[in-house]
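Residue-level structure breakdown
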Amino acid sequence: MRPKVSIVGAGNVGATTAQRLAEMDLFDLALVDVVDGLAAGKALDLAEAGPVRGYDTKLVGGTDYGITEGSSVVVITSGLARKPGMSRDDLITANARIVGEVTSQVMQRSPQAILVIVTNPLDAMTELALRVSGRDRFQVIGMAGILDTARFRSFVASELDVSVRSVEAYVLGGHGDSMVPLRGVTSVAGVPVGRLIPSDRLEAIVQRTRDGGAEVVKLLKTGSAFYAPSAAAAQMVEAIAANRRQVLPCAIRLEGEYGLSGVVMGVPVKLGSSGVTEVVEVALTEEESAEMERSAQAVREVTAVLP
Ligand code: TXD
């Protein structure tokens, strides 16, 4: 039997995550959505792509959480997406109700599952799912850092006309305007990016990374980004369900790491079958530490709104 991965919310991010995972041919997938027929239809459509794409992934979809029973990993993408002009934080009240309900439903069927949270506002929703699930803080993990880092890496790569694979970077902190791109560890083949890109250009890239989600929202006009977000969510699922022990920037509640406590933030973590097995502490510059502190404050303000 293959590990079972469930995805709640069969919208843009959920369905595209399912497609990416189906194509890995490593897991069985269950999709749940509150809209009748949506998850079932997408699961069927994805299953029918198997013969062409060459996968045997078993896919089921529906509105009933019974199909999620015994999941190793559950990805929660259910909620409302941002509309143009709307901040991630505006979403908090509506999405807190949805994520709280979904978390308790999935925990009843899969008490051992590792939860990957995608719904915005990301850090607050991860905190909420952690509280509702009663799980250990290393088993409720938010997706944001991989996405923010991917945006940063793609902009650095195109600035230098080099493959994205050659750009190493970390974007830490909260998933919002306060995110913290680590200029100090961003490098191309070991050469620090500060030596390759003039500082005003680098600052423009950092700002574009901070505005990365909004840039896509503005272009799309309805809905928000989902190709890069689903790629990031799928990478986390793969690292966990296939026990890759990969170090990736993810959001967890910090309890002393990076000098911060009681706040969910993005930090580099090692992911494996039991969730986070290690928090990696990168040496920060003084400025980066101050930015982490400011980011924590911004996350605390949003999280304080939670019921
Ligand atoms: O970096 C990140 N973490 C993010 C977060 C990157 C991209 C998107 N991000 C957030 O994920 C976004 O702001 C939203 O809060 C979620 C989902 O985004 P998506 O683009 O997939 O939104 P859709 O297409 O509207 O899909 C949401 C689905 C939709 O099909 C609803 O019917 C369903 O969620 N939904 C529910 N499913 C189950 N149960 C309940 N209660 C429910 N409510 C809505």
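What comes next concerns the included structure. (Residues numbered from 1 in each chain as written. Predicted model: local features only at pLDDT ≥ 70, side-chain atom pairs only at ≥ 80, totals over all residues. Heavy atoms only, no water.)

1. Considerations on the sheet that holds strand E10 (residues 187-188)
Ordered by their spatial adjacency, 3 strands build an open sheet running E7-E10-E11, and the pairing between neighbours is antiparallel. Two strands bound the open sheet, and with one partner strand each, they are strand E7 (167-168) and strand E11 (191-192). Relative to E10, E7 is paired through 2 bridges, and the arrangement is antiparallel. Each residue of the ladder has a partner; that of Glu168, found in E10, is Ser187. (Pairing = 2+ DSSP bridges. Helix = DSSP H or I, 4+ residues; strand = E, 2+ residues; numbered from the N terminus.)

2. Some points on unusual backbone geometry
The omega angle of the peptide bond from Asn120 to Pro121 is -5°, so this bond is cis rather than trans. Note that Pro121 resides in the loop between strand E5 (114-117) and helix H4 (122-133). Even without glycine at this site, Arg245 takes up a positive phi of about 60°. Assignment of secondary structure puts Arg245 in the loop between helix H8 (227-241) and strand E12 (246-255).

3. Quick notes on the site of the ligand
Inspection of the region around the ligand gives 28 residues, with Asn12, Val13, Asp33, Leu80 and Met143 positioned closest. Leu80 places a polar main-chain atom, nitrogen or oxygen, 2.8 Å from an oxygen atom of the ligand. One nitrogen or oxygen atom from the side chain of His175 is found 3.0 Å from an oxygen atom belonging to the ligand. Computed on the free molecule, the ligand has an accessible area of 860 Å², of which 86% lies beneath the protein chains in the complex. Listing elements by their share of the shell around the ligand, those giving two or more residues are helix H1 (12-24) and helix H3 (92-109). Per-element tally for the shell around the ligand: the top contributor is H3, with 3 residues. Considered class by class, the residues forming the shell around the ligand number 17 nonpolar, 10 polar and 1 charged. Of the residues that make up the shell around the ligand, three or more belong to each of domain 1 (4-142) and domain 2 (145-303). (Near = heavy atom within 4 Å. Polar contact = N/O pair within 3.5 Å; in protein donor to acceptor, adjacent residues only side chain to side chain. Areas by Shrake-Rupley, 256 points an atom, 1.4 Å probe, with all protein chains shown as cover. Nonpolar A, V, L, I, M, F, W, Y, C, P; charged D, E, K, R; others polar. Domains from an automatic or database assignment.)

4. Considering the pattern of salt bridges
Counted under the stated rule, the structure contains 13 salt bridges. In this structure, Arg2 and Asp25 form a salt bridge, with 3.0 Å as the shortest nitrogen-oxygen distance. Highlighted residues: Arg2 in the segment before strand E1 (4-8) and Asp25 in the loop between H1 and strand E2 (28-32), separated in sequence by 23 residues. What makes Arg2 partly exposed here is its relative accessible area of 27%. (Salt bridge = Lys/Arg side-chain N within 4 Å of Asp/Glu carboxyl O. Buried < 20%, exposed > 50% of the residue type's maximum accessible area, 1.4 Å probe, protein only.)

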